[in-house]
Structures are given as structure tokens and as C-alpha cells.
Amino acid sequence: MKESKKIQNEKIEALLKELTLEEKCRMIHGSEFFKSGDVPRLGIPKIATSDGPCGVRNDFYPDRWFVIGSSADYVSYLPSNSAIASTWNRELAHDSGMVLGREARGRGKDMILAPGINIKRNPLCGRNFEYLSEDPYLVSEMVVPLIEGIQENDVSACVKHFACNNQEFERHSVNAEPTERAFNEIYLPGFEAAVKKAKTRGLMGSYNLVRGEHGSESRLLLTDILRKKWKYDGLVVSDWTANHDTKDAAESGLDLEMGITDNFDEYYLGMPLVRAIQSGEIDEECVNEKVRNILRFLLRVRKIDIEVSSTRGGKTTARAVEVPDRDPGCYNGTIMHSYARNTADEAVVLLKNEKKRLPLKPSQTKRILVIGDNANRAHANGGGSAEIKALYEITPLLGIAQEYGGNTEVRYARGYYVPPKYRERENWQEHSITDEWGADFADRDKRKLSAEQRKATKALKEEALRLAAEYDDVIFVGGLDHDFDVEGADRKNMKLPYGQDELLNELLDVNPNIIVVMVAGSPVDMRAWKDRAKAIVYMSYNGMEGGSALARVISGEICPSGKLAETFPNCYEDTPVAHFGEYPGRKLTAAQKKRYKACAYTEEYKEDIFVGYRYYEKFKVPVQFPFGHGLSYVDFRYEGMELKKKDHTVTVSVKLTNTGIARASEVVQLYVGEKTPSPENPVKELKGFEKVELKPGQTKTVRIKLHLKDLAHYDGEAGKWVQMHGSMEFYIGSSSADIRCRKELKI
Ligand code: GLC
């Protein structure tokens, strides 16, 4: 039976009273790299945290950045957050979260440092693969079930990185300056949904600054917005070594300072804070508030209960006790892998399919040539803190071979040469707070190959070209890897590395029917060959079953149903961040330096709310593939759109028919905009979506309900939401650029 908040708070107060100042400060900073401090005297345990969004990271020594190397920390490798978002399936987001939370608990953790939900403002951002989308509505709709799934397991999610961690370049010192409107319409909604709807028990501050304050000790973010405006009473943890000042950290809404250095007692919230309180510089109540949140966290994840007993003299004593029936969790069960597979299946996006080049039916396919390093590459153990030890990972090549079986010969040619992984150092995180570490990657795509590496490259290309002429069915699997999609570094451009463009064009000369698969955590520039390729499939880092999901789509066992959760622009130069020229941030003026003491670069988000498709549509910039795009093997008929306004809601309905011969799913998307868009507003914005599975020939009426208050824009000057009115256009589409029906409604 759920304990009342009042009783819970009384218990917390009773235990708080028992703690000394030193003990309280021990609890509010790391005592190990991934654990907080404990107070054994009162039975108060450490909080055990672990990365990350794709699975539960392997264990490190408590105070050294070296993995323990135990065989007991192999885990399920889930599709990355960008893959989960590509499913546009709320149930799969929940199931992925449930697996992540179940495995975190199974591995003895209390908080999984996931999901990452920063807005994909810039396609070059190294961590886009860990994030969901460019659109705040899609982020909000997917993050809520994801966190709810995680938190079903007596553990906590930790939604991150709050806020505006939209680039990796100078991530510790860049200062983000979003406009008030963009801040409220684009960058905050996902976090607000995580706090208010998903009731996330944990949230992580960011490294970067927002309006001059570091995200992990920001009064604006952690006190004014999170604690006061959103009434958040969950746990706030810093990013790792993201704090810079004892007073700021103590007096902000931060609860727990974590770090990558082993001088734990000297952390800002450690002995420096004890001394500052003893000297009267800082009020002890700051610590009490943090300890309350930590105890509440421990109660919520059922790691402790608090026993309060009254002594003869009427005094009360309290201590923390274990909860005997806490969920034990589990990991690596086959049920987990089937959930990972369900999500992976729906994360594969069919971008192009001229003349029904796909599917490649096994019964009609006797030989397949698979070309490309990414066909054979496992990605789990890369990307930075999202790296994990996957129990297994089915590569595209393995997936294809097992899907087609013994009657189809599957031949492999690597095609292009990839130099050894750029960052072999397992203790990379020890260096991860210096921006120089990210700069390491600056020249990765211009690495000078040695003579023998150049020879290898030539031989691999010749072999691929020779074989491509001998096979009717050729599948090229290329894209990026975690030397490019990686924490701490942004890409320099959207180009494909390792000479893939040139190779692909030469391959298409030899065999124009090549099927191209791009595996990448963020958009890539395909213009060099996109018009020549008949079929193009995209998938992000799609988990342990990614290769088999891809193969099932290619073979036609399942119809593709993924949709892009971010726009694929033609090139970086076409993006809003390039157009307005602020990225990667400007050196500070002398005046700004006075105000923003801790940052080296400041970046005004001059594109305002025009992020992603909002920009490309408004400024009529052509793109490779639009937001929400994804083909199926069947066609869907949309008809009979209706709008029903009742009180303050509008219900949009449309009849959807599967006109094909296979079972397939479609994501019906609802966009809304002013009939005549005013200059300061986007043409239209995503306001609803439903994913619907239909048997061949089946028709379903799809209904999407929205509240008029959601048709609003934020007035930065007035500091409030203003509902839109007048003639509004409701668009129903299969993507943001494939509108099937539309209706006007006066509001
Ligand atoms: C890293 C990342 C954060 C991660 C944490 C612990 O620097 O920014 O996402 O959870 O530190 O590894």
C-alpha cells in the first residue's frame, strides 16, 4: 500500500535529525565513481548508479577508470534512444524502458543514467544517437513511457542532460543562450513531461552553461524551473565532474555531486561544504534539503524503509532498514532479447524503394553479396558512457545469413578499410572533462593511412568491385560508427567517412541494383549516390537484434514501419545552426566574460524555435529526407478526414486502409499550423501521432485527440503561453512532407 507523502516526510525528518553535518555531506557527493556516500551507523546505503541509454554499462573499479572485467556484467544491448524514437511506438518505448530498468535492478543498481533526451538541434552533435528527436512533442511522447517502463522495477530513471546539451564541442564550457520562446517551446518540454507526467525519480544536470550558469549548479534550471515552477521533489545528480563552485552547487537544486576524480571528500559538496557551513558562509538547510531528496529517492526505489521508534523519554530515534521484498530484477533473459527485437524491428526506416527493389524474397534469392565494414561491425561497446558489454550483437551480415538460411549463398566483402578504433583507451573517461579530449577526434576522418593501410584499401575496393559484377543481389552496409557518433566530440560534417561515397558510386557503375543500408546514429550526406541507388534503408545503432531486424525487413518477413525522428538535411551548411552561424559558439566579449565567468564560448540559439523541420519548411530549404519519413512495402489509403471540436478539445479522425498484400503498420501523423502562418510561427508542428497495424485490405478509423491549449506559442516578453486562434489548418500525413489530407478549423 502506497505510504502517504505526509508519513514519508515524517520518517525522512526523523532520520535527518539523527545525522551529523559530516554524515549529511558524505551522502550528497560520490564516494565511488558510480556510488554516493553512505552512513552505515544509521543503515543508510550508497545509491548505486550506472550508465546508460542502450543498456547497463559494465562495472568499473570504485575509484579507477578501468573495467573490472568480470564475466557477470554482460547485458542486453537495447536499440539506442534514436532508434527507439524511430519506431514512433509508445508501447515499444515502454517495453525498452522496462527491460533497461529490469536489467539495472538485476545488476544491483538503483538508478540508470538514462534516457538522454536533448533536442537534436545540430546533426553533427556526437551524442545524437543517445537522444530521441528534433521535435519536442515526439520527445515528450516517447520519454514518458520509456521512464515509466524503467521505474516499474524499483529503480530510477535519470533523464539527462538538463538542459541544452546540444553539442559536444567544448561541452564543459559552452554557454547556451536559447531565446525565452525556444527555451519553453523546444528545449524544456521533454524534461517537463519527464518530471510531471513520467514522475522521473532522477534527473541529471548538464555540463554546459545555460545563460551563464553551469547546468549542474544552475539556479535558473535546478531551483527556479525544476524545484519551484515544476515542483520537482526527485533526485538531481550532476553530470560527472560538472560542478565548479561549492556555494553555487549547495544553493542550487542539486542533490548529489558525482565526478570522475577519486578525491571524493574534496568534492565541492564534500569537506569544502562542511567548512563553508561551519564558517557560516552557507546555511546548513541547503544540505538538509539535499539529504531529504536522497532519502526520499531511497524510499521510492524501495532500497530502504525508515523505522522510527520512540524511546522511554519520549524522544524518537530512526534508522534505515532494508526492504525485504524489493524487486530483484534480472538480466539477459530471453524475454529481454525478444523485447529488444520487437523494438529493433520497428526502428528500421525504409527511405527509398524504387521499382519495389525490396523486399528480397528468400525463395527467389539464391546468392547475395554483402559489402561494407558496417555489415560486420558490432557497435555496442562504443560511443562513450553509452558503451556496454552486450551479451551478443547480431551484425547485419549475421542477420542476413541467418535469415536467408542454407539455400542462399551469402558472400561478404569488406569493401572499405576502417583504421583501428580511434580510442582504444578503456580509461578514456578519466580524461573526459578536458575539452582537449574531444579535440582528439578532430582529425579522425583525415587520418593519414599508412602505406600498407592504403594498399589494404585498394585491395578491398578491387575485390568488392569484382564481386559486385558477379552478383545480381548486392547489399551495401555502410554509414558511421562510434568513432563518429561519440560522446565528447562533434562531427566536422555530414559526409560519409572511409571513402564510402566513391566506392558506392563505382559499385553502382558495376551494379545499378545495389541495395544501400546506412547504419548511423545521426544523419549522413548521401547526395553523391542517393539518386542512383534504387533502395536505401536507414537504421541507427539498433541493439543486439539490430542485424536480424534489418534482415527481416530486407527479406520481407516484416514490413518496415520506422519513421525518421529527425530531418536528414542535404548537408550541414543547410542546417539552421549553420545558417545563423552561431555553432560552435563565439569567444566571449570582455563584457560577457565578466558575466559568464566560467565559459569560453557562448552560443546564441539564433534560430529560435526554427529547429529541424520547423526551419526547413519555413525557410523552404530542400532536404534529403524529411522528418517523419519512412516507407512501407504496402501503400496506405487515407480518406474521410473529420474534425470534431468539443469544449476545449478537437478530435481528428481519418479512415486508413492497407491496400497491400502484407500486414503492415503506419504512423499517422497530425500536424497543425495557422492557415496563413505568421512570420514568427512555423508552417506546422507535430501535435499527434498514432501507429496502426493493419492486415491486408483492412480499414481502421484512426482518432487523435488534442487539447486547444496545446495549440499555443510561448510569448517570451510576456513570459506566458498564448493560445493560437483564428483559421488553423489540420494536416494528416505519412510524414511531415507527405500530407494526405487537411482540413481547416476556426479556433
Ligand atoms: C558522462 C556523461 C553522462 C554519463 C556520466 C557518467 O560524462 O555526460 O551522460 O551518464 O558522465 O558516465
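Since the model is a prediction, treat every value here as computed from it, not as a measurement.

Participant: Whenever I open this one, the overall build of the chain confuses me. Can you help?
Facilitator: If you tally the helices and strands in the chain, you get 20 helices and 33 strands. For 747 residues, the compact-globule estimate of 2.2 N^0.38 gives 27 Å, and the chain sits close to it at 26 Å. Dimensions of the chain, computed from C-alpha atoms along their principal axes, come out at roughly 90 × 65 × 60 Å. By the burial criterion, 64% of the 747 residues in the chain qualify as buried. Sequence separation of 24 or more characterises 75% of the internal contacts of the chain that already satisfy a separation of 6 or more. Total accessible area on the chain stands at roughly 27,200 Å², and carbon and sulfur atoms take up 51% of it. The chain carries 108 positive and 112 negative side-chain charges, and their two centres are separated by 3 Å.

Participant: Would you take a moment to explain a nonpolar patch on the surface for this structure?
Facilitator: Taken together, the side chains of Tyr 61, Phe 66 and Ile 68 present a nonpolar region at the surface, about 240 Å² in accessible area. With respect to the helices, strands and loops of the structure, Ile 68 is situated in the loop between strand E5 (64–67) and helix H3 (81–87). Taking relative accessible area as the criterion, Ile 68 reaches 41% and is therefore assigned partly exposed.

Participant: Hey, could you run me through the nonpolar core in this one?
Facilitator: Buried together is how nonpolar side chains tend to be arranged in soluble globular proteins. Within the largest apolar cluster, 216 residues are counted, with the highest numbers of intra-cluster contacts made by Ile 44, Phe 162, Leu 203, Trp 240, Phe 476, Trp 529 and Phe 730. By size, the runner-up hydrophobic cluster in this structure holds five residues, among which are Leu 124, Tyr 572, Val 577 and Tyr 583.

Participant: When you look at the sheet that holds strand E8 (residues 174–177) in this model, what are you seeing that I'm missing?
Facilitator: Two modes of strand pairing occur in sheets, parallel and antiparallel, and in both the strands are linked by backbone hydrogen bonds. The strand order across the open sheet formed by five strands is E11-E10-E8-E23-E22, and the pairing between neighbours is mixed. Looking at strand neighbours, the two that pair on one side only are strand E11 (213–214) and strand E22 (586–587), the edges of this open sheet. Across two bridges, the pairing between E22 and strand E23 (residues 601–604) is antiparallel. The residue of E23 that forms the bridge with Arg 586 is Thr 602.

Participant: Would you take a moment to explain the sheet that holds strand E27 (residues 664–674) for this structure?
Facilitator: In space, the four strands of this open sheet follow the order E28-E27-E32-E33, with antiparallel pairing throughout. Every other strand in the sheet has two partners, leaving strand E28 (685–694) and strand E33 (738–746) as the edge strands with one partner each. Across the sheet, the mean angle separating the axes of adjacent strands is 20° when strand polarity is ignored. Of the strand pairs in this sheet, strand E32 (residues 727–735) and E33 are connected by eight bridges, and their pairing is antiparallel. The residue bridging Gly 733 from the neighbouring strand is Ile 739, located in E33.

Participant: Would you explain the pairing of strand E17 (residues 409–413) in this entry?
Facilitator: For a regular strand, side chains alternate in direction, first toward one face of the sheet and then toward the other. Pairing of strand E16 (residues 367–371) with E17, which is carried by five bridges, proceeds in the parallel orientation. Paired with Leu 369 across the bridge in E17 is Arg 411. Crossover connection from E16 via helix H13 (residues 396–404) to parallel E17: handedness right-handed.

Participant: Looking at this structure, how should I read unusual backbone geometry?
Facilitator: Put simply, Asp 51 and Gly 52 share a cis peptide bond, and its omega is -10°. Tracing the sequence through the fold places Gly 52 in the loop between strand E3 (49–50) and strand E4 (60–61). Note the cis peptide between Ala 114 and Pro 115, where omega equals 0°. Residue placement: Pro 115 occurs in the loop between strand E6 (111–112) and helix H5 (136–150). A positive phi angle, near 70°, is found at Asn 332, a position not held by glycine. Examined against the element boundaries, Asn 332 turns out to sit in the loop between strand E14 (316–322) and helix H12 (334–345).

Participant: Would you mind showing me how to read the pattern of salt bridges here?
Facilitator: Think of it this way: side chains of opposite charge can pair up when their charged atoms draw near. Enumeration according to the criterion identifies 69 salt bridges in this entry. Across the salt bridge formed by Glu 192 and Lys 196, the nearest N and O atoms sit 2.6 Å from each other. In this pair, Glu 192 and Lys 196 are both assigned in helix H7 (residues 189–196), four residues apart and thus about one turn of the helix distant. By relative accessible area, which is 37% here, Lys 196 ends up partly exposed. The residue Asp 738 makes a salt bridge to Arg 740 at a minimum N-O spacing of 2.8 Å. Classification of Asp 738 by relative accessible area gives partly exposed; the value is 28%. Judged by its relative accessible area of 35%, Arg 740 falls in the partly exposed class. Here the residues in one salt-bridge network are Arg 127, Glu 130, Glu 168, Arg 171 and Glu 487, joined through shared partners.

Participant: What is the right way to read the packing of aromatic side chains from this model?
Facilitator: Geometry of an aromatic ring pair is reported as the spacing of the ring centres plus the angle between the planes. Evaluated as defined, the whole model comprises 28 aromatic pairs. Between Tyr 615 and Tyr 616 the ring centres are 5.3 Å apart and the planes differ by 75°, which places this aromatic pair in the edge-to-face class. Residue class for Tyr 616 comes out buried when judged on its relative accessible area of 8%. An aromatic cluster of three or more residues is present, and its members are Phe 33, Phe 34, Phe 60, Trp 65, Trp 240, Phe 264 and Tyr 267. Positioned above the aromatic ring of Phe 689, the side-chain terminus of Arg 90 is 3.9 Å from the ring centre.

Participant: Just to check I follow, could you spell out the domain arrangement of the chain for this structure?
Facilitator: Many descriptions give the size of an interface as the accessible area lost when the pieces come together. Domains assigned within the chain are domain 1 (5–66 + 87–322), domain 2 (348–567), domain 3 (572–613) and domain 4 (634–746). A separation of 33 Å is found between the C-alpha centroids of domain 2 and domain 3.

Participant: How do you make sense of the site of the ligand when you look at a structure like this?
Facilitator: Around the ligand, the structure places 15 residues, and the nearest of them are Asp 51, Arg 127, His 161, Asp 239 and Gln 429. Tyr 207 places a polar side-chain atom, nitrogen or oxygen, 2.8 Å from an oxygen atom of the ligand. Glu 487 places a side-chain nitrogen or oxygen 2.9 Å from an oxygen atom of the ligand. By residue class, the composition of the shell around the ligand is five nonpolar, three polar and seven charged.

Calculation notes
Residues numbered from 1 in each chain as written. Predicted model: local features only at pLDDT ≥ 70, side-chain atom pairs only at ≥ 80, totals over all residues. Heavy atoms only, no water. Helix = DSSP H or I, 4+ residues; strand = E, 2+ residues; numbered from the N terminus. Rg over C-alpha atoms; globule rule 2.2 N^0.38 Å. Buried < 20%, exposed > 50% of the residue type's maximum accessible area, 1.4 Å probe, protein only. Contact = heavy atoms within 4.5 Å. Areas by Shrake-Rupley, 256 points an atom, 1.4 Å probe, with all protein chains shown as cover. Lys, Arg positive; Asp, Glu negative; His and termini not counted. Charge placed at Lys NZ, Arg CZ, Asp CG, Glu CD. Patch = residues over 30% accessible without salt bridge, like charges linked within 9 Å, V, L, I, M, F, W, Y side chains within 5 Å. Salt bridge = Lys/Arg side-chain N within 4 Å of Asp/Glu carboxyl O. Core = buried A, V, L, I, M, F, W, Y, C linked by side-chain atoms within 4.5 Å. Pairing = 2+ DSSP bridges. Axes fitted to C-alpha atoms, helices over the stretch in contact; angles between N-to-C directions. Right-handed = clockwise from strand over helix to strand, strands pointing away. Phe/Tyr/Trp six-rings, centres within 6.5 Å; stacked < 30°, edge-to-face > 60°. Lys NZ or Arg CZ within 6 Å of the ring centre and 35° of its normal. Domains from an automatic or database assignment. Near = heavy atom within 4 Å. Polar contact = N/O pair within 3.5 Å; in protein donor to acceptor, adjacent residues only side chain to side chain. Nonpolar A, V, L, I, M, F, W, Y, C, P; charged D, E, K, R; others polar.

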